[in-house]
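Here is how the chains run, residue by residue.
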Amino acid sequence: MYHIIPDIHGQADKLDGLLEHLGWRQKPSGWIGPSPEQRIMFLGDFIDRGPDNRRVIDTVRSLIDGGKALAIMGNHEFNAIHYHTQKQPIEATENVRSTNYLRRHSEKNERQHRTFLNEFPVGASETQEVIKWMTTLPLFLEVDGFRAVHACWAHDCIDIVRKRLPGAKIGLEMLQQDKWKSGELWDAMQVLTSGVEVELPQGHTFLDKDGNPRHHVRIGWWLSGANTWREIAQSVPNPSQLPKGALSDSVQSYQYKDETPVFFGHYWLTGNPVKEAEHAICLDYSAGTDGPLIAYEFHSGDNSVELERIVTVPA
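These figures come from a predicted structure and were not determined experimentally.

### Thoughts on the nonpolar core
Counting residues in each nonpolar core, the largest one holds 82 residues, and the members touching the most others are I5, F42, F46, M134, V161 and M189. A total of six residues in this core trace back to one element, the largest contributor, which is helix α8 (residues 183-194). In contact with M189, other than residues within four places in its own chain, are F78, L139, V161, L165, I170 and W180. The next biggest cluster of nonpolar side chains, apart from the first, holds 18 residues, and it includes Y2, M41, L283 and I310.

### Quick look at the environment of A80
Take A80: it is sitting in helix α3 (residues 75-83). Taking the C-alpha atoms as reference, A80 lies 10.0 Å from V130; in sequence the two are 50 residues apart.

### So, the packing of helix α2 (residues 53-65) against helix α6 (residues 125-134)
It is the contact of α2 with α6, at a shortest axis distance of 13 Å, that shows an interaxial angle of 50°. Considered as vectors, α2 and α6 are oriented oblique to each other. As α2 runs across α6, the sense of the crossing is left-handed. Here R54, I57, V60, R61 and I64 of α2 come into contact with α6, specifically with E126, E129, V130, W133 and M134.

### Structural notes on helix α1 (residues 12-22)
Residues of α1 that are buried: A12, K14, L15, L18, L19 and L22. Within α1, the buried residues cover an arc of 160° as seen down the axis, which keeps them to one side. Exposed positions of α1 whose direction lies more than 90 degrees from the buried face are D13, E20 and H21. Directly after α1, the chain includes G23, whose backbone phi takes a positive value near 100°.

### With respect to the sheet that holds strand β4 (residues 39-42)
Taken together, the five strands give an open sheet; going across it, the order is β5-β4-β1-β15-β16, and neighbouring strands pair in mixed fashion. Here the strands that pair on one side only, and so sit at the sheet edges, are β5 (69-71) and β16 (310-312). With direction set aside, neighbouring strand axes in the sheet form an average angle of 25°. Looking at chain direction, strand β1 (residues 2-5) and strand β15 (residues 294-298) are connected through three bridges and run antiparallel.

### Regarding the side chain of N75
As for its placement among the helices and strands, N75 is situated in helix α3. A relative accessible area of 11% places N75 in the buried class. Engagement of the side chain of N75 in a polar contact is seen with the side chain of H266, the distance being 3.3 Å. Ignoring any residue separated from it by four or fewer positions in sequence, one finds N75 in contact with D45, H150, T193, S194 and H266.

Basis of the calculations
- Residues numbered from 1 in each chain as written.
- Predicted model: local features only at pLDDT ≥ 70, side-chain atom pairs only at ≥ 80, totals over all residues.
- Heavy atoms only, no water.
- Core = buried A, V, L, I, M, F, W, Y, C linked by side-chain atoms within 4.5 Å.
- Buried < 20%, exposed > 50% of the residue type's maximum accessible area, 1.4 Å probe, protein only.
- Helix = DSSP H or I, 4+ residues; strand = E, 2+ residues; numbered from the N terminus.
- Contact = heavy atoms within 4.5 Å.
- Axes fitted to C-alpha atoms, helices over the stretch in contact; angles between N-to-C directions.
- Parallel < 35°, antiparallel > 145°, perpendicular 65-115°, else oblique.
- Left-handed = near helix turned anticlockwise from the far one by under 90°.
- Arc of directions from axis to C-beta.
- Pairing = 2+ DSSP bridges.
- Polar contact = N/O pair within 3.5 Å; in protein donor to acceptor, adjacent residues only side chain to side chain.

Following this line, the structure appears as structure tokens:
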């Protein structure tokens, strides 16, 4: 049995409350679950947004180290690794501080990462130790009859990562490779951690929430029954602006049609949890802001997802 927990985003109080509600207790001898065989699967995005990044990381790591939990990488860990890793092992100075890192220290990136930086400043030895731990998190896992990924289970991308990254883990030595941030491996990692955006048919655009024209649209890859752009598109204020026609083969290739249940987070859903597909479900209901941190209780042998297995503790 697994309790599957999505994006925590520095909300340690919510994590503590959920673990207590689920029957987890931390004793001097280590963590004890509601039953001896119970485990936890964390879906990444432990950091940023909320104020208690350190407490969340400490809790997650102690559960993993005690053999009670597994965890995968989210896009916020992926970004943090690059934000804190220099392109070359040279001493950082004020002149190269924002340009010699794999992720730019721009105002936008720093703002998104601010609550982590408040506790883990750039260059601190403790920060580097935590970043090194993040590189040990796999980009996906397939265990005990279910799959876990942060944003998208795309078979082609999974295959690329399997072939190129041992254990689906980045590893610090990989970051210094030439052209690391380009090519099919980079694109595959982006899909797994941040989801899929595809180009609309030629001549078509839509206006986003700020009124800007967009040529690419995020798709709900888990919607295996979707046949049109209007059915599969996500975060489009006015779907009537999208083409009426059928999806292209390239878009359909992302649709999840397997019978192995897959669990993911990332998408900042709101309202009551819903079951949008038979074998795939998003568990992120905006715990990073004012939403609840939820969990899914997976039992060995389950071959579909069921709403009654969702456990919600009010925010």
